[in-house]
Amino acid sequence: MNYRELYNEWLTNPYFDAQTKEELKSLEGNEKEIEDRFYKELEFGTAGLRGIIGAGTNRMNFYTVRKATQGLADYIVKMNGEQRGVAISYDSRHMSPEFADAAALCLNANGIKAYVFDALRPTPELSFAVRTLKCIAGINITASHNPAEYNGYKVYWEDGAQITPPHDVNIMAAVKATDITAAKTMEKEQAVAEGLYIQIGADIDDRYMEALKAQVKNQEAITEAQKEITIVYTPLHGTGNIPARRILRELGFENVHVVKEQELPDGDFPTVGYPNPETPKAFELAVKLGKEIDADLLLATDPDADRLGVYVRGEQAGTYHALTGNMSGSLLAEYELSQMKEAGTLPEDGALIKTIVTTNLVNDIAKAYGVQLIECLTGFKYIGQHILNMEKTGKGHYCFGFEESYGCLIGTHARDKDAIVATMALCEAAAYYRTKGMSLWDKMIEMYEKYGYWQDGIQSIELRGKEGIEKIISTIDRLRQDIPKEIGGYRVLSARDYKEDTVRDMTTGKVTSTGLPNSNVLYYDLEDDAWVCVRPSGTEPKLKFYYGVKGENFADAEEKLQSLGQSMVNLVHEMMN
């Protein structure tokens, strides 16, 4: 059926409820909006679903959630995993609790137990719950840091990581084969009575907290210096408020101040609009409070608390330096590895894992501590996949992993980014360096002096709607077909095409394999340690490009970074036209 026929089907089929039909009737005459809602199904990709809330096949609603869950249920039954159950969590977004119940009751109607959190919880705790309860899978209702009109649906497998091959493609195929009107459901009261719908909460919280505490490297430093550290924290209206403050309190940090205006959950995200800890606006209220109390550290978790934004105090009172995800991740990598080395617990076969678009500063850190550096595709699930492989083979020990988008994992209690453990570790690091007479910014400068002034940037071009998605794909295809010989004055040394699984040496023409899974990503190694990478966003209608340089000092690195970034913008726009 074309989009108009699908629109009429939703208006007339008794399967769809009256409220949905009323919403669709109100669109009559707005042909562009009708087309956008029905020209395709909301794609169930490798990370699940993510889209604007509303009626239609290309929107997040009860029906698209049930369709996705029915496909997942069919696969679980095929894998004989129905007796193990599925853990379900949700965040503070509009319709999150309702979508969580819709997923649970669909599973229940298929004879699969659902362990549903009694209130909103962070993404990493869902990953932890899957592992703790030995579930076959997990579902997390969240759209992470997307604007308020979005929601999403992430699927995790038994190891606690988001689904990877072969489960991802098999589940995607099962979802695609599901008729939206054939998805099962049942009444909640009946599901509870039959022991299929099971509420979880405080017990998992307590066990999660204990798992985090096990990752503390230097409690002595916390005890000694915590009174001297003043911390501002904001959950940005999301899930981090209770667990982040609880772990800091239980470790002994006394001077923790929450941003009151952003403390309580609110799906409208009224103080930020776009609840992304990468953006300066997300930190405006935290900076204001920080200046009032002369805080040392400003921390912000995104709505599902898997990503952490960080500002650290400058030399002068009331001044702060915003750390990029690359900077905070590198700072934590240095701290964790140095503490393990000092304690004699750094494994001989230790490994540090990063994504291909993450700073090359961490390459030097891994080399300095004698641990293996492993690169993987963008997406924390690939880091989780490496952890699982280490456990299965007994080869390698995970020490730390992170990606540039403000996400890291300390420990293996979860298999996704964990902003709660990162919050704990950064405060611990601040206390430790205070005992050495240093601030976190002092340590950052020391690292640059030791490893080189690496600087990294990211930009994106947003193109909404059907035409926008097509433009993004065609732009990458043009870059694939016409490899640039130089970018921003830097000669291209090699071109990696992760979709074609090729690495082309631009001097010799020799072609080798990337060694990584198929993905629509292009990466160019440039001279003078510079690099650029282009890929479509996996969660938003954006074309994203990343780039990095190495300078002699801050000014030199910043100048090089700005120049390379502008060259990338020009190149991408040229390819779009």
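Right, let's walk through the structure included here. In this text the structure is predicted, and so the values were computed from the model without any measurement.

1. Some details on the overall build of the protein
Here's step 1: Along the backbone of the protein there are 19 helices and 23 strands.
Here's step 2: The C-alpha radius of gyration of the protein comes to 24 Å, within 12% of the 25 Å expected for a compact globule of 577 residues.
Here's step 3: The principal-axis extents of the C-alpha atoms in the protein amount to approximately 70 × 55 × 50 Å.
Here's step 4: Counting only residues that meet the buried cut, the protein has 59% of its 577 residues in that class.
Here's step 5: Taking contacts inside the protein between residues at least 6 apart in sequence as the whole, the part at least 24 apart equals 69%.
Here's step 6: Accessible surface, the protein as shown: approximately 22700 Å² in total, 48% of it carbon and sulfur.
Here's step 7: When the 62 positive and 86 negative side-chain charges of the protein are each reduced to one mean point, those points stand 2 Å apart.

2. Some remarks on the sheet that holds strand 12 (residues 350-355)
Here's step 1: Taken in spatial order, the 4 strands of this open sheet run 13-12-14-15, and their pairing is mixed. Across the chains shown, the open sheet's two edge strands, defined by having one partner strand only, are strand 13 (372-376) and strand 15 (407-409). In this sheet, adjacent strand axes meet at a mean angle of 20° when their direction is disregarded.
Here's step 2: Packed onto the sheet, helix 15 (residues 380-393) meets strand 12, strand 13, strand 14 (397-403) and strand 15 and runs at close to 175° relative to strand 14.

3. Quick notes on the packing of aromatic side chains
Here's step 1: Following the criterion strictly, the structure yields 21 aromatic pairs and no others.
Here's step 2: When the centroid spacing of 5.6 Å and the interplanar angle of 80° are considered together, the rings of W10 and F38 count as edge-to-face. Highlighted residues: W10 in helix 1 (residues 3-12) and F38 in helix 3 (residues 31-38), separated in sequence by 28 residues.
Here's step 3: For W10, a relative accessible area of 2% gives the class buried.
Here's step 4: Seen from their ring centres, Y335 and Y433 are 5.9 Å apart, and the 70° between their planes marks the pair as edge-to-face. Linking Y335 in helix 13 (residues 325-343) with Y433 in helix 16 (residues 419-435), this pair joins segments that are 98 residues apart in sequence.
Here's step 5: Residue class for Y335 comes out buried when judged on its relative accessible area of 0%.
Here's step 6: Given a relative accessible area of 3%, Y433 falls into the buried group.

4. Notes on the pattern of salt bridges
Two side chains of opposite charge can pair, provided their charged atoms sit close to one another.
Here's step 1: Applying the stated criterion to the full structure yields 45 salt bridges.
Here's step 2: D205 is the partner of R121 in a salt bridge, and the nearest nitrogen-oxygen pair spans 2.8 Å. Note that R121 is positioned in the loop between strand 3 (114-117) and helix 6 (123-132) and D205 in helix 9 (residues 202-213), a separation of 84 residues in sequence. As far as burial versus exposure is concerned, R121 and D205 are alike and both buried.
Here's step 3: Shared partners join several salt bridges into a network, and the residues in it are K154, D304, D306, E403, D416 and K417.

5. Description of the side chain of E125
Here's step 1: Here E125 lies in helix 6.
Here's step 2: Its relative accessible area of 2% is what places E125 among the buried residues.
Here's step 3: Within the structure, E125 has its side chain in polar contact with the backbone nitrogen of D205 (distance 3.4 Å).
Here's step 4: Beyond its immediate stretch of four places on either side in the chain, E125 contacts F117, I204, D205 and Y208.

6. Comments concerning the pairing of strand 5 (residues 150-157)
Here's step 1: Across the 8 residues of strand 5, 8 count as buried, placing the element largely inside the fold.
Here's step 2: Side chains Y150, G152, K154 and Y156 of strand 5 all project onto a buried face; the interleaved residues N151, Y153, V155 and W157 project onto the opposite face, where all are buried too.
Here's step 3: As defined by bridge partners, strand 1 (residues 49-52) adjoins strand 5 across 4 bridges and the pair is classed as antiparallel. The residue of strand 5 that forms the bridge with L49 is Y153.
Here's step 4: Summarising the sheet, strand 4 (residues 137-141) and strand 5 pair through 5 bridges and their orientation is antiparallel. Paired with I139 across the two strands is V155, which belongs to strand 5.

7. Comments concerning unusual backbone geometry
Here's step 1: Residue P166 is bonded to the preceding P165 through a cis peptide linkage, with omega at 0°.
Here's step 2: Mapped onto the secondary structure, P166 falls in the loop between strand 5 and helix 7 (167-176).
Here's step 3: At D501, a position not held by glycine, the phi torsion is positive, near 60°.
Here's step 4: Residue classification places D501 among the partly exposed positions, given a relative accessible area of 33%.
Here's step 5: With a phi angle near 70°, D529 is a residue other than glycine that sits in the positive phi range.
Here's step 6: With respect to the secondary-structure elements, D529 resides in the loop between strand 21 (522-526) and strand 22 (531-536).

8. Let's talk about helix 12 (residues 284-293)
Here's step 1: Along helix 12, the residues that are buried comprise A286, V287, L289 and G290. The arc enclosing the buried residues of helix 12, seen along the axis, measures out at 165°, which places them on a common side. Helix 12 presents K288, K291 and E292 as exposed residues on the side facing more than 90 degrees away from its buried surface.
Here's step 2: Contacts made by the buried residues of helix 12 are with strand 7 (231-234), strand 8 (256-258), strand 9 (297-301), strand 10 (308-313) and strand 11 (320-323).
Here's step 3: Looking one or two places after helix 12, you find D294, whose phi comes out positive at around 55°.

What counts, and at which threshold
- Residues numbered from 1 in each chain as written.
- Predicted model: local features only at pLDDT ≥ 70, side-chain atom pairs only at ≥ 80, totals over all residues.
- Heavy atoms only, no water.
- Helix = DSSP H or I, 4+ residues; strand = E, 2+ residues; numbered from the N terminus.
- Rg over C-alpha atoms; globule rule 2.2 N^0.38 Å.
- Buried < 20%, exposed > 50% of the residue type's maximum accessible area, 1.4 Å probe, protein only.
- Contact = heavy atoms within 4.5 Å.
- Areas by Shrake-Rupley, 256 points an atom, 1.4 Å probe, with all protein chains shown as cover.
- Lys, Arg positive; Asp, Glu negative; His and termini not counted.
- Charge placed at Lys NZ, Arg CZ, Asp CG, Glu CD.
- Pairing = 2+ DSSP bridges.
- Axes fitted to C-alpha atoms, helices over the stretch in contact; angles between N-to-C directions.
- Phe/Tyr/Trp six-rings, centres within 6.5 Å; stacked < 30°, edge-to-face > 60°.
- Salt bridge = Lys/Arg side-chain N within 4 Å of Asp/Glu carboxyl O.
- Polar contact = N/O pair within 3.5 Å; in protein donor to acceptor, adjacent residues only side chain to side chain.
- Arc of directions from axis to C-beta.

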